[in-house]
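# Descriptive structure summary
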Amino acid sequence: MFAYFLDDWTAHKRYAREVDSLDLLLTQHGIIGRRLRLGRLHDLDASARDCAASGIRTFVAVGNDGTASKLLNSLLKIDWRPGEKGRSLALAVLPIGEEQKIASCLGSATIPEAVQTLVGRRTESIDVGKLNNRHYFMTLATFPPKVSLGFLSYTVNLLDDEHQVHICNINAFNLKSDRRYQKSFNPQDGTFEAVVTRRPLAVGWKKLFSKERQAGGYQIESVFPHQKITVLSREKTITVVADAEKQLTAPVEVEIEPRKLLVVVGAGNNL
Amino acid sequence: MEDRENETIIGPSVKVEGDFTSDGNVLVQGLVNGSLRTKGNLKVEVGAKIKASVEATNAIIRGQIKGNIAIQESLEIGETAMVEGDIATKIISIAPGAVINGHCLVSPAERAGQDSAEPAAVQKPAGPRERP
């Protein structure tokens, strides 16, 4: 059974056509389920618990990365273990609106692809990152410039303020074709990669044909695979984009929880 | 050692301070102060500056290292390399133009660093080499 968690803003007339086409496809494939709208006063944790108690096993976030992030955090609060018989709660995404990094990584970049993914219900257990022992993230956490990284026995300082730090779980930079990073960015290996990137200013033809284009304009300079990283900053609070934007108190402890989450993946997944 | 095997990349824009340890292959292009140990292969690129004792299984050095180097298998020192410190390894190759200030122990029979034989002194001027 499925539970669809629609973000509040999907009710806007701007998304009416997408929601209608989604409804039609779900009906055609016979995968209609419980429908919940995430209003401002909606208690998502309680709804997720209720759904799990009533036997629903697939939780579908209908919206963007922010919606998936909210549902992910509520889902992981429910006491369950992935793969355990009868207790396999899985997360899926139906993309509506912009900012669809999670949906693309799971092979659900468009609504028809996402519906096919739901019909197939092929699941994979993946690692999730945890920020300050509280917030979970699935893809990557992007930190602002002027931070440094603390590992167990050493620290990494950035020599340039223009460089940015990302802590990646999934191959969010879409670098599967690059031989240098084939071993990195595996969301099932129990480690994540702290990546230092630079965003070179590309103009004209360079903008279209540069190598960095496939990495979303970022040029990867350093990679540190680890399980626990502390991000240090001179500021008291840091704005981190970890699936969705979050304000966190510095220093930020980032830990990995191996194979904690079950996700529904499609044929074109990027895992 | 191929590029695709690199797991840790210390890029030109970062400085690592402390005891760096790794189980995989390491590529250094930036600055390292402290110590650098890896169970895999090490590649030090041109422009990299390491002020640390270095331990690895295999290594290719083309940058600057100030500190002792202990390599378990083979060590390749490129023409742009500058090493200030003692070297211990099983197999070594030194390209013309490389600068080494320190003792060099090459013992193929036993593991590098465990041989009791006296190290052979390798003395080279720090500046450019004189031509006859």
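Just so it is clear, the model here is predicted, and its values are computed rather than measured.

Bringing the nonpolar core into the picture now. Ranked by size, the top nonpolar core spans 53 residues in total, and within it A:Phe143 and A:Phe224 carry the most contacts. If you tally residues by element for this core, the top one is strand S6 (residues 49-56) of chain B, at 4 residues. In this structure, A:Phe224 is in contact with A:Phe151, A:Tyr154, A:Val156, A:Phe192, A:Glu193, A:Ala194, B:Thr8, B:Ile9, B:Ile10, B:Val14, B:Val16 and B:Phe20, ignoring residues within four places of it in sequence. Counting residues in each nonpolar core, the second largest holds 33 residues, with A:Ala68, A:Ile78, A:Ile102 and A:Leu106 among its members.

This part takes up the pairing of strand S14 (residues 99-106) of chain B. Residue and element names in this part refer to chain B. Alignment of strand S11 (residues 82-84) against S14, held across 3 bridges, turns out to be parallel. Across the sheet, Met82 pairs through a bridge with Val99, a residue of S14. Of the pairings in the sheet, the one linking strand S12 (residues 87-89) to S14 comprises 3 bridges and is parallel in character. In the strand pairing of S14, Thr89 is matched with Val106.

On to helix H5 (residues 111-120) of chain A, then. Residues and elements named next belong to chain A. Within H5 the residues assigned to the buried category are Ile111, Ala114, Val115, Thr117 and Leu118. The arc that holds every buried residue of H5, seen down its axis, measures 155°, which confines them to one face. Packed against the buried residues of H5 are strand S1 (2-7), helix H1 (16-29), strand S3 (58-63), strand S4 (90-95), strand S5 (122-131) and strand S16 (252-265). Where H5 ends, the next residue or the one after it, Arg121, has phi of about 45°, a positive value.

The next thing to look at is the environment of A:Leu94. All names here are of chain A. When you line up the elements, Leu94 lands in strand S4. The exposure class assigned to Leu94 is buried, which follows from its relative accessible area of 0%. Spatially, the C-alpha atoms of Leu94 and Gly66 are 12 Å apart, while their sequence positions differ by 28 residues. Non-local contacts of Leu94, meaning those with residues more than four positions away in its chain, are made with Tyr4, Leu22, Val60, Ala61, Val62, Gly63, Ala114, Val115 and Leu118.

Considering all chains together, one arrives at 12 salt bridges over all chains under this definition. A salt bridge links A:Asp7 to A:Lys70, with the nearest nitrogen and oxygen atoms 3.3 Å apart. With A:Asp7 in strand S1 and A:Lys70 in helix H3 (residues 65-75), the pair connects residues that are 63 residues apart, well separated along the chain. Its relative accessible area of 4% is what places A:Asp7 among the buried residues. A salt bridge links B:Glu73 to B:Lys90, with the nearest nitrogen and oxygen atoms 3.7 Å apart. With a gap of 17 residues between them, B:Glu73 in the loop between strand S9 (69-71) and strand S10 (74-77) and B:Lys90 in the loop between S12 and strand S13 (91-94) connect regions that are remote in the sequence.

Right, let's get into the interface of chain A and chain B. Counting residues at the interface gives 19 residues for chain A, matched by 21 residues for chain B. When chain A packs against chain B, close to 1,800 Å² is buried across both sides, 52% of that on carbon and sulfur atoms. Between the two partners, chain A and chain B, sit 8 residue pairs in polar contact (both at pLDDT 80 or more). Contributions of two or more residues to the side of chain A that touches chain B are made by strand S9 (154-158) and strand S12 (219-226) of chain A. Bridge count for S9(A) against strand S2 (residues 14-22) of chain B is 5 bridges, and the pairing is antiparallel.

The rules behind the values
- Residues numbered from 1 in each chain as written.
- Chains lettered and ligands numbered in written order.
- Predicted model: local features only at pLDDT ≥ 70, side-chain atom pairs only at ≥ 80, totals over all residues.
- Heavy atoms only, no water.
- Core = buried A, V, L, I, M, F, W, Y, C linked by side-chain atoms within 4.5 Å.
- Buried < 20%, exposed > 50% of the residue type's maximum accessible area, 1.4 Å probe, protein only.
- Helix = DSSP H or I, 4+ residues; strand = E, 2+ residues; numbered from the N terminus.
- Contact = heavy atoms within 4.5 Å.
- Pairing = 2+ DSSP bridges.
- Arc of directions from axis to C-beta.
- Salt bridge = Lys/Arg side-chain N within 4 Å of Asp/Glu carboxyl O.
- Buried area = accessible area lost by both parts, 1.4 Å probe.
- Polar contact = N/O pair within 3.5 Å; in protein donor to acceptor, adjacent residues only side chain to side chain.

On their own, these measurements won't tell you what the molecule is for.
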